[in-house]
Amino acid sequence: MRFSDEFETRFSEMITHYPTKRSALVPTLLYAQDEVGYLSDEVIAELAGRLGLTELEVRNVISYYSMLTTKPRGKYNVQVCTNIACMLRGGEEILDHCKKKLGIGHKGTTEDGLFSLEEVECIGACSWAAAAQVNYDFHENLTIEKMDKILDEYKKKGTQ
Amino acid sequence: MADVTLIVDGKKVTAPAGTLLIEACKSAGIEVPSFCYYPGLSLQGACRMCVVKVEKMPKLQTACTTVITEGMVVITDSEEVRQSRKAMVELLLGNHPLDCPVCDAGGECELQDMAFSYGAPESRYTEAKNHREEQQWSPVVYFDRPRCILCYRCVRVCGEGMDVWALGVQNRGVSSIIAPNQSDHLECEECGMCIDICPVGALTSGAYRYKTRPWEMNHVGTVCTHCGDGCKTTLGVRRSDTGMEIVRGDNRDKSGINNDFLCIKGRYAFDFAHNEERLMQPLIRKNGKLEPSTWEEAFELIGRRFREVRDKDGGQAIGVIGSTRTTNEENYLLSKFARAVLKTNNVDHHRSADFPALAAALHGKPGKTATMRDVLTAPAILLIGNDATNQHPLLAWQIRTNVRLRSAKLYVINSAEIKLKKQAAGFALLPAGADAKAVAFLSGDDSVLDSLAAAGTARDAWTALRDQVRGEQNLVIAFGSELRGADIEKLAAFASTLTGAKLICLADYSNSRGASDMGLYPDLLPGYEPAASASKFQQEWGSLPAEKGLTLPEMIDAAKDGKLKALYVVGANPVGRLGIDPFLLSKSFVVVQDMFLTETARIADVVLPSANAYEKSGTCTNTCGDLQLVKKAGEVTDCKPDFEMIVRIADAMGFDVRGLVPFGGGTHSDMGQTRGAQSGEADRHAVWLEAHNLEPKMTPFDPMAILDEIQRVVAGYDVSRVNLLAGADQHIEIAEGGAGAIHKPELIVPANDGLFSSGTLGRYSKTLNSVMENRSADVEVAAD
Ligand code: SF4
Ligand code: SF4
Ligand code: SF4
Ligand code: FES
Ligand code: FES
């Protein structure tokens, strides 16, 4: 399978950072997921081959990390924190709102493929709780209203 | 390594530096409980059962990962330690189903034992347990996930031990699960090591699951009857309608040369014994059809016909084909019966390695053959030819373990990129069929270098490999049947230029070596004594036939010409295995002893149902020359050991069987009572008598009587009987034997069995067949 040139440059640079090839697995998985959207069977086979691992070993690692996924996700992956600080500041209500608005549950994906929703543990933004992350972008000091707007904006962006 | 002294529970304990605390405790007789720790596998530190208090360390330490240090003070049993272990067991039981009454592991489960010794009588968990139905991962491997305690032993033994890496751990924390390599099923070597090593009943086997309970079986330690490696296997047997049924095979007690290793064949392929096609009655050809008959009628007929042929046409009109799976005693008896009773030298067997050439090469030069145990400890190993992973699974296991744990150097010379290449420090690819050239090159003949390099391994690489090999001391050289005759002599000559080098000649069947050692050759008597000049055997056996014997192909030719009037086939299937046209045998009177109606049995005039190696006693010799005791485990009514049948045929021919089997003489003893207050006395007598080589041989069917003779007359076999009976393997020194012989190389026909096949026997193993079918199904799926 083919990845982008950017991926290839990163990969060949990264592989030199470690004494053994297999150590490059986790960052490689992350880059591949960013590029393909999820870790397909094809991606797994390719990376296993490149790093001298069995596919089973690659799957073992993927299953360990909740940020890695073998299933296609929506274009925008909405990750709402409900850990202690966010919970105290309305995180659970925000999550409920997202569920209702998007019509999906935890780890669900909307039919149009635009949104996925995830309830996550602390994302390190406690000082600005309640917080959520959409792909790599943080949204802080959230209220239901604010969250609602954010989702609308993404929807607009995604359907343009 | 220097010794380190520490104090454990107030006791002074000394062990070599570098020893793990758990092992040091064990050596001092102090038990530290463990689940995940397994000697020989990487450390896991997952279960925390082995925690102990080490003075000056703030928290409890895991004894399985702690290395001992001088002056260390350890407490393995205190309130704190007990509390901690109790909590661990409680957590493990938190989601563990309480199905011990039906679980395969019940009665020999490490979790049961731990819960009993270290656990709490009640649990504080009231939550519903996570249930998941049992999954079938392959014909052999089943997984009952809720029972798993996540010790990861299975993952490690499959990866590190087997080098298959078919099992993995997925998810994290309490959600962790053991996963097979093909997401919902396994594609692997089906060795069952993972099942065997599982401390609980999470991994169970297709062969044994839900069949019986450990305490309902008898356990008999004997030797695997498949390949030539000679693994010790403990068979679990129980009563059945037709005798004693084998339900399980393992080597959990780690006795024998294979420690706990068994491949699929040793572990599960005992099921041929209970195949419904098994013959249970003698068959005699009447009006062109094989009809059931009685033993008496069969023996009478065979005895009469054999005698007629011998007396009328002479012994040379009779041929004898022996087995590579019968015991040494049976092979010796057959060799003797052929010469002394049938008066023929026409004796042969399915040869899969050239031992006579090895005997010739090493004649009078002792100490040049390696044992299977040597492969585990040798500093270096050279493998020429053979795909050991598939053809000699134990040898491959020994090599891998040695490379992994002792950093042995492995050199591989093969015409294929065999799996062991991965462990090899040096690998050279041969052009097909050029094994002999490799030997010439090793011996210093550089003229072959160009043709060797044709397969892709460069000239420099070949030379570098040779330099490395030449620099090794105490090298074990194992070679496949690719090397025959004079090539073996050349290899032995090369080996003798190295310090301490030893050879292993690889043959395919469980007692190929024994068949060879016991003289199932036309020109060789037991111990590789040339038949032409065997005064020793003349004294033992009486007058021997003078005519030169025929080899197996020559016998077939003679049969074609109508000169071979009778053929006696004991536990062999030359028609099926050697591709012989059955029509060629139509003019001969053919007697076949076998378990099944094989291609050869189908054309026989008389077929006698025989017992297999799991149903008889005696000894067998593995491919390295390690002699081991075979013990009777299973039994199928109305099948007889080949030993008894040979004696009965001799008797039916009017031969005084005392001249064949030296039984009855010597010792007469009061065997005591076998019932009542003095019961057991007979056993006590027997133990002593056996140990002193004096056990009464009360019938001519007692193989021990022939073992006496073997030990007396077959060179190299005079090993300690006590050790043998105790179950120890003992090495046979081939160099002490006769001069051997250089035979035509084409007389060797490799069995070409892989992991899931085992000659004719394998065809009757449902386990092996189902694995093969499963595989071809997978291939089909992959193709579309
Ligand atoms: S049966 Fe053997 S090869 Fe297969 S998973 Fe178990 S340990 Fe691995
Ligand atoms: S299946 Fe058995 S051996 Fe494997 S991790 Fe679970 S308990 Fe341990
Ligand atoms: S390696 Fe050979 S002797 Fe050992 S269990 Fe397998 S078939 Fe039997
Ligand atoms: S608790 Fe939500 S970001 Fe830390
Ligand atoms: S045995 Fe030490 S942690 Fe498992």
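Source: prediction; values computed, not measured.

1. Description of the overall build of chain B
No. 1: Of regular secondary structure, chain B possesses 27 helices and 31 strands.
No. 2: Taken over the C-alpha atoms alone, chain B extends approximately 90 × 75 × 60 Å along its principal axes.
No. 3: Among the 784 residues that make up chain B, the fraction classed as buried is 59%.
No. 4: Taking contacts inside chain B between residues at least 6 apart in sequence as the whole, the part at least 24 apart equals 70%.
No. 5: If you average the places of the 84 positive and of the 100 negative side-chain charges in chain B, the two averages end up 1 Å apart.

2. Concerning the packing of helix H3 (residues 41-51) of chain A against helix H4 (residues 55-64) of chain A
Residues and elements named next belong to chain A.
No. 1: For the pair H3 and H4, the least separation of the axes is 9 Å and the interaxial angle reads 115 degrees. When you trace H3 past H4, the crossing you get is right-handed. Across from Asp41, Ile44, Ala45 and Ala48 in H3, the residues of H4 making contact are Glu55, Val58, Arg59 and Ile62.
No. 2: In the contact of H3 with H4, the residues fall into five nonpolar, no polar and three charged.

3. A word on empty space enclosed by the protein
Residue and element names in this part refer to chain B.
No. 1: In this structure the tally under the stated criterion is nine cavities of 30 Å³ or more.
No. 2: Taken together, 28 residues make up the lining of the largest cavity; nearest its centre are Ser323, Arg325, Gly571, Ala572 and Asp594.
No. 3: Of the residues in the lining of the largest cavity, the class split is twelve nonpolar, eleven polar and five charged.

4. Considerations on the side chain of threonine 457 of chain B
All names here are of chain B.
No. 1: By the element assignment, threonine 457 lies in the loop between helix H14 (449-453) and helix H15 (459-470).
No. 2: A distance of 2.7 Å separates a polar atom in the side chain of threonine 457 from the backbone nitrogen of leucine 429.
No. 3: Discounting chain neighbours no more than four positions away, the residues touching threonine 457 are Phe427, Ala428, Leu429 and Trp462.

5. Concerning the site of ligand 2
No. 1: In the vicinity of ligand 2 there are 13 residues, among which Cys148, Cys151, Tyr152, Cys154 and Cys198 of chain B approach most closely.
No. 2: Here the residues of the shell around ligand 2 sort into 13 nonpolar, no polar and no charged.

6. Quick word on the interface of chain B and chain A
No. 1: Counting residues at the interface gives eleven residues for chain B and eight residues for chain A.
No. 2: Across the chain B to chain A interface the summed buried area is about 730 Å²; carbon plus sulfur atoms make up 52%.
No. 3: Sorting the residues of chain B by area buried against chain A places Gln170, Asn171 and Arg172 of chain B first, and these three jointly supply 58% of that buried surface.
No. 4: On the surface where chain B and chain A come into contact, there are zero salt bridges.
No. 5: Taken together, chain B and chain A are joined by three residue pairs in polar contact (both at pLDDT 80 or more).

What counts as what
Residues numbered from 1 in each chain as written. Chains lettered and ligands numbered in written order. Predicted model: local features only at pLDDT ≥ 70, side-chain atom pairs only at ≥ 80, totals over all residues. Heavy atoms only, no water. Helix = DSSP H or I, 4+ residues; strand = E, 2+ residues; numbered from the N terminus. Buried < 20%, exposed > 50% of the residue type's maximum accessible area, 1.4 Å probe, protein only. Contact = heavy atoms within 4.5 Å. Lys, Arg positive; Asp, Glu negative; His and termini not counted. Charge placed at Lys NZ, Arg CZ, Asp CG, Glu CD. Axes fitted to C-alpha atoms, helices over the stretch in contact; angles between N-to-C directions. Left-handed = near helix turned anticlockwise from the far one by under 90°. Nonpolar A, V, L, I, M, F, W, Y, C, P; charged D, E, K, R; others polar. 1 Å grid on protein atoms, 1.4 Å probe; cavity = no way out; pocket = protein on both sides within 12 Å on 5 of 7 lines; lining within 4 Å. Points joined across faces, edges and corners; volume = space filled by probe spheres on them. Polar contact = N/O pair within 3.5 Å; in protein donor to acceptor, adjacent residues only side chain to side chain. Near = heavy atom within 4 Å. Buried area = accessible area lost by both parts, 1.4 Å probe. Salt bridge = Lys/Arg side-chain N within 4 Å of Asp/Glu carboxyl O.

Function-wise, these values are silent; they only describe arrangement.
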